[in-house]
Amino acid sequence: MPAVSTGGASRWRVAGGHVVLAAAFAVLSAGCTAFHGFPPSASSREFRTSTVTVMLHGEPLELHLASPTTLVSPTLVVYATGDGGWFGTAVHMFRAIAAEGYRTVGFSSRAFLRIERPPHAALNARQLAADYSAIQAAAQTAFGETAAMPILLTGWSRGAAFAA
């Protein structure tokens, strides 16, 4: 079960361990050079992209998927953009993560925040964990994975706040 709620605090669990959010900084810093004018790293890999839609609270959210031809890890990186949405640097960062060899699912925080939630169900840590579980499940299905995958939460600006 990817999201576990304990007394109002949510923690991501995968295969008996907690996802270490600090690792997100390592993944992101490895990819940052790709959009700051530096040459791509020697480990840059080719990857395929596609989109799928997940339904959250009865409304669609477009998910962007990237699948490298060579994986460095079975980890699924869940990436959320900043308030601006799915364009520019946010997309470059998504692609940089995939080029480092990670299966990646990304979404627009802007679109995510526009989803109507049930009355009296403001976005909170518990709801965010449930929504992330649905996103993770949709990505796993799209990637053809049936076994639990380690999850790494990442994001840009608002998306980083979601991950934290």
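Only a predicted model underlies this, so the values are computations on that prediction, with no experimental measurement involved.

Cut-offs used in this document
Residues numbered from 1 in each chain as written. Predicted model: local features only at pLDDT ≥ 70, side-chain atom pairs only at ≥ 80, totals over all residues. Heavy atoms only, no water. Buried < 20%, exposed > 50% of the residue type's maximum accessible area, 1.4 Å probe, protein only. Helix = DSSP H or I, 4+ residues; strand = E, 2+ residues; numbered from the N terminus. Pairing = 2+ DSSP bridges. Right-handed = clockwise from strand over helix to strand, strands pointing away. Polar contact = N/O pair within 3.5 Å; in protein donor to acceptor, adjacent residues only side chain to side chain. Contact = heavy atoms within 4.5 Å. pLDDT = per-residue confidence, 0-100. Axes fitted to C-alpha atoms, helices over the stretch in contact; angles between N-to-C directions. Core = buried A, V, L, I, M, F, W, Y, C linked by side-chain atoms within 4.5 Å. Expected span 1.5 Å × (residues − 1). Salt bridge = Lys/Arg side-chain N within 4 Å of Asp/Glu carboxyl O.

Colleague: Please give an account of the pairing of strand 6 (residues 76-80) that cites residues and values.
Modeller: Burial of strand 6 is extensive: five of the five residues sit out of reach of the surface. Of the two faces of strand 6, the one lined by Leu 76, Val 78 and Ala 80 and the one lined by Val 77 and Tyr 79 are each fully buried. Note: strand 6 against strand 7 (residues 103-107), five bridges, orientation parallel. Note that in strand 7 the partner of Tyr 79 across the bridge is Gly 106. Between the parallel elements strand 6 and strand 7, the chain passes through helix 2 (residues 88-99) in a crossover that is right-handed. By the bridge criterion, five bridges tie strand 6 to strand 8 (residues 151-155) in an arrangement that is parallel. Across the sheet, Val 77 pairs through a bridge with Leu 152, a residue of strand 8.

Colleague: I'd like to hear about the side chain of His 64, residue by residue, with values.
Modeller: Within the secondary structure, His 64 is located in strand 5 (residues 59-68). Here His 64 falls in the buried class, since its relative accessible area comes to 13%. One polar contact links His 64 to Glu 62, side chain to side chain, over a distance of 3.5 Å. In contact with His 64, not counting residues within four places along its chain, are Ser 50, Thr 51, Trp 86, Phe 94, Thr 104, Val 105 and Gly 106.

Colleague: Account for the confidence of the model for the protein chain, naming residues and giving values.
Modeller: Per-chain confidence: the protein chain averages 79 in pLDDT, with 73% of residues scoring 70 or above. Counting contacts from residues 1-39, a segment whose pLDDT is below 50, to residues more than four positions away or on other chains yields 60 contacts.

Colleague: Kindly report on the sheet that holds strand 7, identifying the contributing residues and their values.
Modeller: Taken in spatial order, the five strands make up an open sheet running 4-5-7-6-8, and their pairing is mixed. Across the chains shown, the open sheet's two edge strands, defined by having one partner strand only, are strand 4 (47-56) and strand 8. For this sheet, the mean angle separating the axes of adjacent strands, direction not counted, is 25°. On the sheet, helix 4 (residues 125-142) packs against strand 4, strand 5, strand 6, strand 7 and strand 8 and is oriented at approximately 135° with respect to strand 4.

Colleague: An account of the nonpolar core is needed here, citing residue identities and associated values.
Modeller: Leu 61, Leu 76, Val 78, Val 105, Phe 107, Tyr 132 and Ile 135 are the most contacted members of the largest nonpolar core, which has 22 residues in total. Among the secondary structure elements, those contributing two or more residues to this core are strand 4, strand 5, strand 6, strand 7, helix 4, strand 8 and helix 5 (158-163). Setting aside anything within four residues of it in sequence, one finds Leu 61 in contact with Val 52, Thr 53, Val 54, Leu 56, Phe 107, Ser 108, Ala 111, Phe 112, Ile 115 and Ile 135. In this structure, Tyr 79, Phe 94, Ala 98 and Tyr 102 belong to the second largest nonpolar core, which totals 10 residues.

Colleague: So, helix 4: which residues are in play, and what are the values?
Modeller: A rise of 1.5 Å per residue sets the reference length of helix 4, with its 18 residues, at 26 Å; its end C-alpha atoms lie 25 Å apart and thus fit the reference within 8%. Listed in full, the buried residues belonging to helix 4 are Gln 127, Leu 128, Ala 129, Asp 131, Tyr 132, Ser 133, Ile 135, Gln 136, Ala 139 and Gln 140. Remark: Gly 144 follows helix 4 within two positions and exhibits a positive phi of approximately 75°.

Colleague: Give a description of the pattern of salt bridges that names residues and reports values.
Modeller: Counted according to the given criterion, the structure contains two salt bridges. A salt bridge links Asp 83 to Arg 158; its shortest N-O distance comes to 2.7 Å. Placement of Asp 83 in the loop between strand 6 and helix 2 and of Arg 158 in helix 5 is noted, with a sequence separation of 75 residues between them. Linking Arg 103 and Glu 145 is a salt bridge whose minimum nitrogen-to-oxygen distance equals 3.0 Å. Of this pair, Arg 103 sits in strand 7 while Glu 145 sits in the loop between helix 4 and strand 8, and the two are 42 residues apart along the sequence. For Glu 145, a relative accessible area of 26% corresponds to the partly exposed category.

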